[in-house]
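Residue-level structure breakdown
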Amino acid sequence: MALAPPAPPCSLDRLGETTTLAVSYLRVSTKEQAERGGRDEGFSIPAQRDANLRKARDLNAIVVEEFIDAGESARKADRPELMRMIEYVKTHQIAYCIVHKVDRLARNRADDVAIHLALREAGVMLVSATENIDETPSGMLLHGIMSTIAEFYSRNLANEVAKGMTQKAATGGTVARAPLGYLNVHKRDELGRDVPTVIPDPDRAALVRWAFDAYATGNYSTSMLREELIDRGLTTVPTPKRPAKAPGLSSIQAMLSNPYYKGDVIFRGARYDGLHEPLVSAELWYRVQNVLTAHQVSGEKTQTHEHYLKGSIYCGDCGSRLMVTHAKNGKGVVYPYFICAGRHSKRTSCIRKAMPVDEIEQKVEDYYRQVQIPEHIVTALRHMLTRQFDDLHAANKAERHTLAQERDKLRDERRSLLHAHHAGAVPLDLLKEEQDRISRRLAFLDSRIDAGQIEYDQAKDQLEDCLALAGNAHAIYMSLDDSLRRICNQAFFERINVYEVEDINTVAADHGEPFDALFDPALHTDALVYEAAALQGKDAKPADVAGLNIQRWVGPAGIEPTTSTV
């Protein structure tokens, strides 16, 4: 249906002259455009205003009202000033609505027709300051063409931007602003061009690394971690509009779960190898995810302990934990006791009596003296175990080569998946599932391969530390305060059992790794046999020593804890 022709231009008689009235509509797409150049209206809006005023003079009209949408996209029609303009022309005698270009008004055909119709119904003619748009047939044809071009430009621009961002992510580039711990900077390449890149923030990267290391221990909740980071000086990156401030709790939670820190770029659900420097290893990042999941399931809590032995000592009769209670005598003096939690809650049939806390403290101190290894045995253990570490390290070279081949195949598989996804052959949900599987396996392989010599050296260093502790356990324990004694007990023992033998409390412990092996008398005997053979000039290999098998006491990964293979 053809639109009705517009009403004649409205006019007012002022001092005997006829004056035609017009409104001017101005728009820029972003707030940055509106404020560019240190001016409230930037550069674009004044340029549009000048062009619209010149067009009004050509029409012998005066602009009685100006409507400015600053930072509003033309892809939506519910812009506040546009809506106000339409309501304005309905109640005022306006002849022209002047725009700089048709695309300032709308960038899709549907909105263009709706806005144009609303103006025509109010008797207002749409005029472009830079395009030959009017109500003549040729002007209407040009209007339709320009409106269609504006819609095409808008859609094509969005497609090109998305295509460019996808390509940037696929090549490892950072699509958006880099997260806390990194800085977006520009560097000049060999051709002298400004190239945007991402570098570790010299003021914040170390704190981010520390945050991952600390949270992976399981000793921090996210709120505790945030407070510690603030105390250490972590702030957000300041901008011209926002000063630096302490990060929020949600920012810390987002940081811990962001795979960008292990070198990944995530765009539209797909995972790519980033060009930026990872701040944490993939293995550490996955450990942090496990802690986050565990805290989500159990709820993050900060435990309070009434005594440094609490949590380490157990009733030897029924296996329940020992808990602290306090009894008051007739004179009001309070005495602390350990009591069996099983008996207290009636979960077991245990009949253990209360045990004075100071007595159990003394028993534990005496037990440290019993398990301490003599110096000559420490020396023999060091020689024997170091030799076996060397043999294991040499034997593992072939295994590391096999792991490296598997890693190369997985990397090829990941690239093929991405190509198949971009070609439309692999849906996004399957891509994400497969990428997660490959990433976890690669993280394991990288941790095993890259560890290599480093793990070997660290294992030998840790062995030396453990031998030093085992050879001086009692003296070390006696020199510690209560908080460090708690840690010492947790390091040496899985649990400390308190038995009652002929009405006397005695202590025996289940030793934790690797001290369960280091304190084993059978291993001491093996070490002395090996040392004696070495002193006699015999080439006694550890495997030749009766009863010695290093796998028996340190497990398949050596002294280091076994790494997950997922």
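Here the structure is a predicted model, which is why all the values come from computation and not from measurement. (Residues numbered from 1 in each chain as written. Predicted model: local features only at pLDDT ≥ 70, side-chain atom pairs only at ≥ 80, totals over all residues. Heavy atoms only, no water.)

**Thoughts on the UniProt feature "active site" (unreviewed entry) in the protein**
- Under the UniProt annotation, the feature "active site" (unreviewed entry) is placed at Ser29.
- Relative to the assigned elements, Ser29 resides in the loop between strand E2 (17-28) and helix H1 (31-35). (UniProt positions renumbered as here; feature names shortened; annotations may be inferred. Helix = DSSP H or I, 4+ residues; strand = E, 2+ residues; numbered from the N terminus.)

**Brief notes about the packing of aromatic side chains**
- Applying the stated rule across the entire model yields 14 aromatic pairs.
- The interplanar angle of 65° and the centroid separation of 5.6 Å between the aromatic rings of Phe67 and Tyr88 together place this pair among those described as edge-to-face. One end of the pair, Phe67, is in strand E3 (residues 61-70); the other, Tyr88, is in helix H3 (residues 80-91), with 21 residues separating them in the sequence.
- Judged by centre distance (6.0 Å) and plane angle (35°), the rings of Tyr182 and Tyr261 are tilted. Taken together, the positions of Tyr182 in strand E6 (residues 182-188) and Tyr261 in the loop between helix H8 (249-257) and strand E8 (264-267) put the pair 79 residues apart, joining distant regions of the chain.
- Following the ring pairs from residue to residue traces out a cluster consisting of Tyr367, Tyr368, Tyr477, Phe492, Phe493, Phe515 and Phe519. (Phe/Tyr/Trp six-rings, centres within 6.5 Å; stacked < 30°, edge-to-face > 60°.)

**Describing the side chain of Ser320**
- Take Ser320: it is sitting in the loop between strand E10 (313-315) and strand E11 (322-328).
- Owing to a relative accessible area of 7%, Ser320 belongs among the buried residues under this scheme.
- With sequence-adjacent residues up to four places away left out, Ser320 is seen in contact with Tyr314, Cys315, Cys340, Ala341, Gly342, Arg347 and Thr348. (Buried < 20%, exposed > 50% of the residue type's maximum accessible area, 1.4 Å probe, protein only. Contact = heavy atoms within 4.5 Å.)

**Some points on the environment of Leu523**
- Along the polypeptide, Leu523 turns up in helix H18 (residues 521-535).
- With 146 residues separating them in the primary sequence, Leu523 and Ile377 have C-alpha atoms 9.6 Å apart.

**Considering the pairing of strand E15 (residues 504-511)**
- Side chains Asn505, Val507, Ala509 and His511 of E15 all project onto a buried face; the interleaved residues Ile504, Thr506, Ala508 and Asp510 project onto a face where none is buried.
- The pairing of strand E14 (residues 493-501) with E15 spans eight bridges and is antiparallel. Bridge pairing in E15 links Val501 to Ile504.
- Count of turn residues in the E14/E15 antiparallel hairpin: two residues, of which Glu502 carries a positive phi of about 55°. (Pairing = 2+ DSSP bridges.)

**Here we look at the nonpolar core**
- By size, the foremost hydrophobic cluster in this structure holds 46 residues, and its most contacted members are Phe212, Leu225, Leu229, Met255, Leu256, Tyr261 and Val288.
- For this core, the secondary structure elements donating two or more residues are helix H6 (205-216), helix H7 (222-231), H8, E8, strand E9 (270-273), helix H9 (282-298), helix H13 (397-422) and helix H14 (428-471).
- No other element matches H6, which puts nine residues into this core.
- Excluding anything up to four places from it in sequence, Phe212 contacts Met255, Leu256, Tyr261, Val280, Leu284, Trp285 and Val288.
- Counting residues in hydrophobic clusters, the runner-up holds 44 residues, among them Tyr367, Ile373, Ala380 and Ile496. (Core = buried A, V, L, I, M, F, W, Y, C linked by side-chain atoms within 4.5 Å.)

**A look at the sheet that holds strand E12 (residues 334-340)**
- Pairing is antiparallel across the open sheet formed by three strands, whose spatial order is E11-E12-E13. Each having just a single partner strand, E11 and strand E13 (355-356) make up the two edges of the open sheet.
- Alignment of E11 against E12, held across seven bridges, turns out to be antiparallel. Looking at the pairing, Thr325 lines up with Tyr337 of E12.

**A word on the sheet that holds E15**
- If you trace the three strands from one edge of the open sheet to the other, you get E10-E14-E15, paired in mixed fashion. Looking at the sheet topology across the chains shown, the edges are occupied by E10 and E15. On average, each strand axis in the sheet is inclined to that of its neighbour by 30°, with strand direction left out of account.
- Across the sheet, helix H11 (residues 357-371) touches E10, E14 and E15, and the angle it forms with E15 is around 50°.
- Helix-sheet contacts for helix H16 (residues 482-492) involve E14 and E15, and the interaxial angle to E14 is about 95°. (Axes fitted to C-alpha atoms, helices over the stretch in contact; angles between N-to-C directions.)

**Considerations on H6**
- A rise of 1.5 Å per residue sets the reference length of H6, with its 12 residues, at 16 Å; its end C-alpha atoms lie 17 Å apart and thus fit the reference within 8%.
- Counting buried positions over the 12 residues of H6 gives nine, a clear majority of the element.
- Within the sequence span of H6, burial applies to Ala205, Leu207, Val208, Trp210, Ala211, Phe212, Ala214, Tyr215 and Ala216.
- In the segment just after H6, Gly218 is the residue with positive phi, at about 80°. (Expected span 1.5 Å × (residues − 1).)

**Focus on the pattern of salt bridges**
- Applying the stated criterion across every chain yields a total of 19 salt bridges.
- Residue Asp264 pairs with Lys262 through a salt bridge whose shortest N-O separation is 2.4 Å.
- The exposure class assigned to Asp264 is buried, which follows from its relative accessible area of 5%.
- The buried category is assigned to Lys262, whose relative accessible area is 10%.
- Put simply, Arg414 and Asp273 hold a salt bridge, and the shortest N to O gap is 2.6 Å. Remark: Asp273 occurs in strand E9 and Arg414 occurs in helix H13; sequence separation between them is 141 residues. (Salt bridge = Lys/Arg side-chain N within 4 Å of Asp/Glu carboxyl O.)

**Topic: unusual backbone geometry**
- Phi angles above zero are rare outside glycine, and Glu502 is one such case at about 55°.
- As for its position among the elements, Glu502 is in the loop between E14 and E15.
- Unlike most non-glycine residues, Asp503 shows phi in positive territory, near 65°.
- Its location among the elements puts Asp503 in the loop between E14 and E15.
- Under the relative-accessibility criterion, Asp503 is labelled exposed at 68%.

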